[in-house]
Amino acid sequence: MTTTAIFGSWLLIRRDGLPRIERDRWVLVEGNRIAAITASRPAADVTFDRPGRLVLPGLMNLHNHCFSEAIARSHTEDGRGRKGGRSIVYTVLLPLSKTALTVLNPRERLAVARLGILQLLKGGATTVMEPFRNGLPEMFEAAEEMGLRFYGAPYLFSTADAKAGADGRVSYAGDDGEADLAAWNALYARWEGRADGRIRLAMSPHATDTCGPDLLRACAARARELDVPITTHLAQSDDEVATIRARHDGRSPAEYLDRLGLLAPDLLAAHCIASSDDDLRLMAARGATVLNCPRVFARAGRTAAFGRFAAHGLRTLVGTDGYNMDLLGELNAASLISKIAAGRAEVADSPTLVDAVTGQAAAAIKRPDLGVLAPGATADLTVVDMTHPHLQPLHDPVRALVALANRADIAQVMVDGRVLVDEGRYLAGDETAITREGAAAIERIWDLPEARAAFEEA
């Protein structure tokens, strides 16, 4: 069993249920577990003695889209693709990701998946929950190969053919729920528990407006039978809220899920930006979790404030939504947007935000072995180099991490006791080749006439 010792000038631990900093400590890893945290240098097979590092529990990004957001990258900024000023979900992301499944061959799809996972690892994430089209098993392949701890969440739709017209209004057709649940079950049978448990599944009915009552009930029943997390998009646009109210007797999306029994502690609900305060109070009462991804909405001029959700007593986590997969940058955005929205500097403070991607994230998926630096915990670590000029002089490493750091400061990433990133470089593959091949595959999508039409000015 290989032993590894990592020195931290600062370690983020938990004491009395709260994150705390300890100075000048060593983390000793044996196999895939943390064996000890000591003040003295331990004997180990491999030693990393680099002062000026902040050692964190492995950062957890529980809402990300490697594939679909890559298709939109640098096309949908500044309002492009928003037909009628509406969301790009139905004008760009869903239709073009569906097209990609048929246009790209398995090798090309795997190249895109690798590119996304490379970005996640270099951004400091050790655990990722990734919703994606269920015709994309290459996401599992890439995660297994590249070493990421991965909760794959293949989409389920009652209607996989939701299309937006030239004005951005969405029409819904088809009934794919039974087939999608069968596809999810097949993926579960193949992938659940692979790579010594690194590869897991989550149940992911796509959204309230694309999933009918029968499918949602079936998803919840199956997920609870298997004890897997349930994640969905909830109130991610005003149009979704209007659609659900029209279909379901004036109910909001949160009330719709509550009526079906999905609004519960095992639900991770992404975005929730169009939720009312009453909706948020209901979600808090049911113990649901909000997945806050502020930057993807900020680019559209919409406030998605971490502080608003947290103020209602909701467990609120931070994810990247795949926009650029910089989790430290996302924490910074969550902080700033919350402070602007509330008009108060003390909301969404740094310890709370770091806890949102460590201890709170681990609790949301019932993984007490993750999100913590402690003997016996799984050896997932994120190490940040705090010696850069923009982080000096340094008084409080947690505040500096949220306010000043970014993905370029990630020095090391360890998953399951294996160092995958060291000194900012991915060790288990050729970064240049992964980047080149993934970008080339995405550019094939960009060349399609339907892609050029989707990216037109609003």
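Residues numbered from 1 in each chain as written. Predicted model: local features only at pLDDT ≥ 70, side-chain atom pairs only at ≥ 80, totals over all residues. Heavy atoms only, no water.

## Re the packing of helix α6 (residues 213-226) against helix α8 (residues 253-260)
Piece 1. Contact geometry for α6 and α8: axes closest at 10 Å, N-to-C directions at 60°. The pairing of α6 with α8 is recorded here as oblique in orientation. For the element pair α6 and α8, the recorded crossing hand is right-handed. Mapping the contact onto sequence places P213, L216 and R217 in α6 and Y256, L257 and L260 in α8.
Piece 2. Class assignment of the residues belonging to the contact of α6 with α8 gives a composition of five nonpolar, no polar and one charged. (Axes fitted to C-alpha atoms, helices over the stretch in contact; angles between N-to-C directions. Helix = DSSP H or I, 4+ residues; strand = E, 2+ residues; numbered from the N terminus. Parallel < 35°, antiparallel > 145°, perpendicular 65-115°, else oblique. Left-handed = near helix turned anticlockwise from the far one by under 90°. Contact = heavy atoms within 4.5 Å. Nonpolar A, V, L, I, M, F, W, Y, C, P; charged D, E, K, R; others polar.)

## Quick notes on the side chain of R53
Piece 1. Structurally, R53 can be placed in strand β5 (residues 53-57).
Piece 2. A polar atom in the side chain of R53 sits 3.1 Å from the side chain of E423.
Piece 3. Residue contacts for R53: discarding those within four places in its chain leaves F7, G8, S9, W10, V383, V384, D385, A411 and E423. (Polar contact = N/O pair within 3.5 Å; in protein donor to acceptor, adjacent residues only side chain to side chain.)

## Focus on the environment of V241
Piece 1. Among the secondary structure elements, V241 is positioned in helix α7 (residues 238-247).
Piece 2. Between the C-alpha atom of V241 and that of D326, which follows or precedes it by 85 residues, the distance is 29 Å.
Piece 3. Dropping the residues within four chain positions of it, V241 is found in contact with A235, P253 and A274.

## Remarks on helix α2 (residues 89-103)
Piece 1. Here α2 is 15 residues long and its end C-alpha atoms lie 20 Å apart, about the 21 Å a rise of 1.5 Å per residue gives.
Piece 2. Most of α2 sits inside the fold, with eleven of its 15 residues counted as buried.
Piece 3. Those residues of α2 that fall on the buried side of the exposure criterion are V89, Y90, T91, V92, L93, L94, L96, S97, T99, A100 and L101. (Expected span 1.5 Å × (residues − 1). Buried < 20%, exposed > 50% of the residue type's maximum accessible area, 1.4 Å probe, protein only.)

## Side note on α6
An α-helical turn contains 3.6 residues, so a residue and the one three or four places further along point in the same direction.
Piece 1. Spanning 14 residues, α6 covers 20 Å between terminal C-alpha atoms, matching the ideal 20 Å at 1.5 Å per step.
Piece 2. Among all positions of α6, only L215, L216, C219, A220 and A223 are buried. For α6, the arc enclosing every buried residue in end-on projection is 130°, short of the 170-degree limit, so these residues lie on one face. Facing away from the buried surface of α6 by more than 90 degrees, the exposed residues are D214 and E225. (Arc of directions from axis to C-beta.)

## Let's talk about the environment of F132
Piece 1. Looking at the element boundaries, F132 is found in strand β7 (residues 125-132).
Piece 2. Spatially, the C-alpha atom of F132 lies 5.1 Å from that of P154, the residues being 22 residues apart in sequence.
Piece 3. Beyond its immediate stretch of four places on either side in the chain, F132 contacts M139, F140, F150, G152, A153, P154 and Y155.

## Observations concerning the sheet that holds strand β13 (residues 230-234)
The pairing of strands in a sheet comes from backbone hydrogen bonds and takes either a parallel or an antiparallel form.
Piece 1. Read across the open sheet, the four strands follow the order β13-β14-β15-β16; overall the sheet is parallel. Two strands in the sheet have a free side with no partner beyond their single neighbour: β13 and β16 (315-318). Taking each pair of neighbouring strands and ignoring which way they run, the sheet shows an average axis angle of 30°.
Piece 2. Sheet analysis places strand β14 (residues 267-271) next to strand β15 (residues 289-292), joined by three bridges and oriented parallel. Bridge pairing links A269 to V290 in β15. (Pairing = 2+ DSSP bridges.)

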